[in-house]
Amino acid sequence: MIRSTMPRVALSVNHLLERAGRLFPQSEIVSRMPDKSLVRHSNAELYRRARQLAAALLEAGLKKGDRVATLCWNHYAHLECYFGIPAAGGVMHTLNLRLSPDEIAWIANHACDRFLVVDDVLLPLLERFRAAAKLERILVVPLTGAPVKAPDLSYEVFIERAPKDFVYVPHDEDDAVSMCYTSGTTGRPKGVVYSHRSTLLHTLAVGATASCAIRGDDTVCPVVPMFHANAWGMPYCCAMVGARLVLPGPHLAPADLIELFNSEKVTIAFGVPTIWLGILQLLDSDPQHHRLPSGMRMLIGGAALPETVVRGFARHGAKVVVGWGMTETSPVASVSGTKAELLEIDEDERFRRAAMAGVPLPLIEARLVGDDGSERPWDGVSLGELQVRGPFVTGGYHEMPFDVEKFTADGFLRTGDVAAIDPHAFIRIADRIKDLVKSGGEWISSVDMEGHLMAHAAILEAAVIAMPDPKWGERPLACVVLKPGARATAEELRQHLAPHFASWQLPERIEFIEAIPRTSTGKFWKAKLRERYR
Ligand code: ADP
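Let us look at the structure shown here. (Residues numbered from 1 in each chain as written. Predicted model: local features only at pLDDT ≥ 70, side-chain atom pairs only at ≥ 80, totals over all residues. Heavy atoms only, no water.)

1. Describing the overall build of the protein chain
Secondary structure assignment for the protein chain yields 15 helices and 25 strands. Its C-alpha radius of gyration of 23 Å places the protein chain within 12% of the 24 Å reference for a compact globule of 534 residues. Along the first, second and third principal axes, the C-alpha set of the protein chain runs to 70 × 65 × 50 Å. Within the protein chain, the proportion of its 534 residues that are buried is 58%. The contacts in the protein chain between residues at least 6 apart in sequence include a share of 66% that link residues at least 24 apart. Total accessible area on the protein chain stands at roughly 22500 Å², and carbon and sulfur atoms take up 54% of it. (Helix = DSSP H or I, 4+ residues; strand = E, 2+ residues; numbered from the N terminus. Rg over C-alpha atoms; globule rule 2.2 N^0.38 Å. Buried < 20%, exposed > 50% of the residue type's maximum accessible area, 1.4 Å probe, protein only. Contact = heavy atoms within 4.5 Å. Areas by Shrake-Rupley, 256 points an atom, 1.4 Å probe, with all protein chains shown as cover.)

Encoded structure:
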């Protein structure tokens, strides 16, 4: 028997703050304010202010494990919460400001949030649930400069008054640092609690994956909200390598983002497909006026991405990398990229692969399981439920009984996604189980059909849903949004789909609609469409 000579040093988010402050103090954090002006901070200031926040929270009576909620856009103060709250031993709970006030109150109470950090521009939203939520103290980030009204306290005053001699609250690597609720499009929202260890391992795994790794000389723009799945871990990755951060605040319209990418020379940006569909449409409609910084990369995930979008951005000189993940998986669990054996593939195959969900990240184990419980082969065609396991995949939900519908006896998360995996270990997501269309006993992939519809020149967006049918069980219904000024008939669209699908798979019903409803995380909200047409 030989014992390792290595000490057991606890993995810690505090280490990332120390790195940011001591190794990369000059790296910049640019935040866009509600009035569109830009405010600049350095990592040295992040270091000082996050520790001041921690000291102030302790002074205010925060106890280890207490929850501190945030209701904020992406900006410097939200970033300070990412590091300052755990530094004090607290747990940052990011509230999704796009949920209804009732849902926010329910989630804040379920998580037992004690303190809340809220943007002054979001106070009208807070007023709609303040009475229902049992919050003890409210700290207002004065983004507009308007005075903060008692009994609330200005975040700036709160951290200014903090005692100067801060020491990190000791912790174990399994202690909680942050929590996030799934959006609850199916049933009540469920809380996932991340630890120092899971956060560090996720940060390292993302950083070790070439196609999404961030370098010290990158300028990173998380368009994905910091209240959605830890902004995909980007705040931690940037602190680890000293990258420059550009935070867009509340301004997420395509034209605003394109302007920000250019003025701040963004090299990599992150977000869900719907954001990029809007950006691509603007680039295509007026390429003289709108451009992306040359060589810009974007990591797109959170929902299926049509291949046409990858090709579209290539026309504008930008490279798309697709990632798959869930709130439950910290969230990034697989990412598209290249492999030595795929260097010789032709351009079509490259684009096809680029739009896939990619290869599992280090430390993630993945498998496909069929209806009969047996594992499906990785042949690229066999479909099964994607199941994943790893040190940054949750094993349960906060204050909920163990759910055998969500977790297997051997510790895998049942993702609810139907996928195929090919011999190169590339995952292709076919559907969410609840979005599959089952017609005459056969599956029709709504993701495939949406991808082909969105490749049509007249179509801006498409969502395919299942409609109950007395004869076939279910039939697909396609909801399409045309580009401004474009025209197309249902028959033309069926002909456009015909080469890619069997005739029985083609949708009889195609509805032309104004817009596809979005969930609180900006994805197509198919449940709403099903309600509308049922
Ligand atoms: P919700 O969408 O329910 O709010 P999450 O943000 O955790 O919660 O979403 C996770 C789900 O998003 C996955 O289970 C999957 O269905 C979908 N998803 C994420 N990335 C991709 C991708 N690259 N391709 C297809 N679907 C994706």
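2. Considerations on the pattern of salt bridges
The final tally for this structure, using the stated rule, is 35 salt bridges. Salt-bridge contacts for Asp218 lead to Arg297; the nearest nitrogen and oxygen are separated by 2.9 Å. Of the two residues, Asp218 sits in the loop between α7 (196–207) and β10 (219–222) while Arg297 sits in strand β13 (residues 297–301), which places them 79 residues apart along the sequence. The salt bridge partner of Arg475 is Glu508, with a shortest N-O separation of 2.8 Å. One end of the pair, Arg475, is in strand β24 (residues 473–482); the other, Glu508, is in the loop between α14 (490–497) and β25 (509–512), with 33 residues separating them in the sequence. Judged by its relative accessible area of 7%, Arg475 falls in the buried class. (Salt bridge = Lys/Arg side-chain N within 4 Å of Asp/Glu carboxyl O.)

3. What about the packing of helix α2 (residues 43–59) against helix α3 (residues 76–87)?
With their axes 8 Å apart at the nearest point, α2 and α3 run at an angle of 55 degrees to one another. Classified by the angle their axes make, α2 and α3 are oblique. Helix-helix and strand crossings are classified by hand; for α2 and α3 the assignment is right-handed. Residues Leu46, Arg49, Ala50, Leu53, Ala54 and Leu57 of α2 pack against Tyr76, Leu79, Glu80, Cys81, Phe83, Gly84, Ile85 and Ala87 of α3. Here the contact of α2 with α3 is composed, by residue class, of 11 nonpolar, one polar and two charged. (Axes fitted to C-alpha atoms, helices over the stretch in contact; angles between N-to-C directions. Parallel < 35°, antiparallel > 145°, perpendicular 65-115°, else oblique. Left-handed = near helix turned anticlockwise from the far one by under 90°. Nonpolar A, V, L, I, M, F, W, Y, C, P; charged D, E, K, R; others polar.)

4. A closer look at helix α12 (residues 347–354)
What α12 keeps buried is the set Phe351, Arg353 and Ala354. Along the axis of α12, the buried residues cluster in a sector spanning 165 degrees; they form a single face. Residues of α12 that are buried make contact with α11 (307–315) and β14 (319–325). Its side-chain oxygen at 3.3 Å from the backbone nitrogen of Asp348, Asp346 defines the N-terminal cap of α12. (Arc of directions from axis to C-beta. Polar contact = N/O pair within 3.5 Å; in protein donor to acceptor, adjacent residues only side chain to side chain.)

5. Remarks on the sheet that holds strand β17 (residues 365–369)
Taken together, the four strands give an open sheet; going across it, the order is β17-β18-β19-β20, and neighbouring strands pair in antiparallel fashion. The open sheet terminates on both sides in strands that have one partner only, identified here as β17 and β20 (427–432). The sheet shows a mean angle of 45 degrees between the axes of neighbouring strands, direction not considered. Pairing analysis gives four bridges linking strand β18 (residues 384–389) to strand β19 (residues 413–421), with the strands arranged antiparallel. Its bridge partner lying in β19, Val388 is registered against Leu413. (Pairing = 2+ DSSP bridges.)

6. Overview of the site of the ligand
Taken together, 18 residues lie around the ligand, and Ser183, Thr327, Asp417, Arg432 and Lys523 are the ones closest in. Contact between the ligand and Gly302: a nitrogen atom at 3.0 Å from a main-chain N or O atom of the residue. Contacts to the ligand include Thr327, whose backbone N or O atom sits 2.7 Å from an oxygen atom. Taking 570 Å² as the accessible area of the ligand by itself, protein coverage stands at 91%. For the shell around the ligand, the leading source of residues is β14, giving four residues. Here the shell around the ligand is composed, by residue class, of six nonpolar, eight polar and four charged. (Near = heavy atom within 4 Å.)

7. Focus: the state of the cysteines
Taken as a whole and assessed by the stated rule, the structure comprises zero disulfides. Here Cys81 is not disulfide-linked; the sulfur of Cys72 is the nearest cysteine sulfur, at 5.7 Å. Cys81 sits in the buried class, given a relative accessible area of 0%. (Disulfide = S-S within 2.5 Å.)

8. Digging into the environment of Glu365
Looking at the element boundaries, Glu365 is found in strand β17. Separated by 107 residues in the primary sequence, Glu365 and Ile258 have C-alpha atoms spaced 37 Å apart. In contact with Glu365, not counting residues within four places along its chain, are Gln387, Val388, Arg389 and Phe412.

9. Some remarks on the pairing of strand β6 (residues 137–141)
With four of five residues buried, β6 lies mostly within the body of the structure. Inspection of the sheet shows strand β5 (residues 113–119) paired to β6 by five bridges, in the parallel sense. In the sheet register, Asp119 faces β6, and the bridge partner there is Val141. Note that β6 and strand β7 (residues 153–154) share two bridges and pair parallel.

10. Comments concerning the nonpolar core
Leu71, Phe83, Phe261, Trp276, Phe313, Leu386 and Leu453 are the most contacted members of the largest nonpolar core, which has 176 residues in total. Filtering out sequence-adjacent residues up to four positions away, Phe83 remains in contact with Val13, Leu16, Leu17, Leu46, Ala50, Pro235, Tyr236 and Ala239. (Core = buried A, V, L, I, M, F, W, Y, C linked by side-chain atoms within 4.5 Å.)

11. With respect to unusual backbone geometry
Here the residue pair Ala150 and Pro151 is connected by a cis peptide bond, since its omega of 5 degrees sits within 30 degrees of zero. The omega angle of the peptide bond from Ser330 to Pro331 is 5 degrees, so this bond is cis rather than trans. Inspection of the secondary structure assignment puts Pro331 in the loop between β14 and β15 (332–335). Phi is positive for Ser330, which is not a glycine, with a value near 80 degrees. Mapped onto the secondary structure, Ser330 falls in the loop between β14 and β15.

12. Section: the packing of aromatic side chains
Summed over all chains, the structure comprises eight aromatic pairs. Aromatic pair Phe166 and Tyr168: ring centres 5.4 Å apart, planes at 75 degrees, arrangement edge-to-face. For Phe166, a relative accessible area of 10% translates into the label buried. When the centroid spacing of 6.1 Å and the interplanar angle of 80 degrees are considered together, the rings of Trp276 and Phe313 count as edge-to-face. Linking Trp276 in helix α10 (residues 273–285) with Phe313 in helix α11, this pair joins segments that are 37 residues apart in sequence. Neither residue differs from the other here; Trp276 and Phe313 are each classed as buried. Taken together, Tyr82, Phe83 and Tyr236 form an aromatic cluster joined through their ring pairs. Between Lys190 and the ring centre of Tyr397, over which it is positioned, the NZ or CZ distance is 5.2 Å. (Phe/Tyr/Trp six-rings, centres within 6.5 Å; stacked < 30°, edge-to-face > 60°. Lys NZ or Arg CZ within 6 Å of the ring centre and 35° of its normal.)

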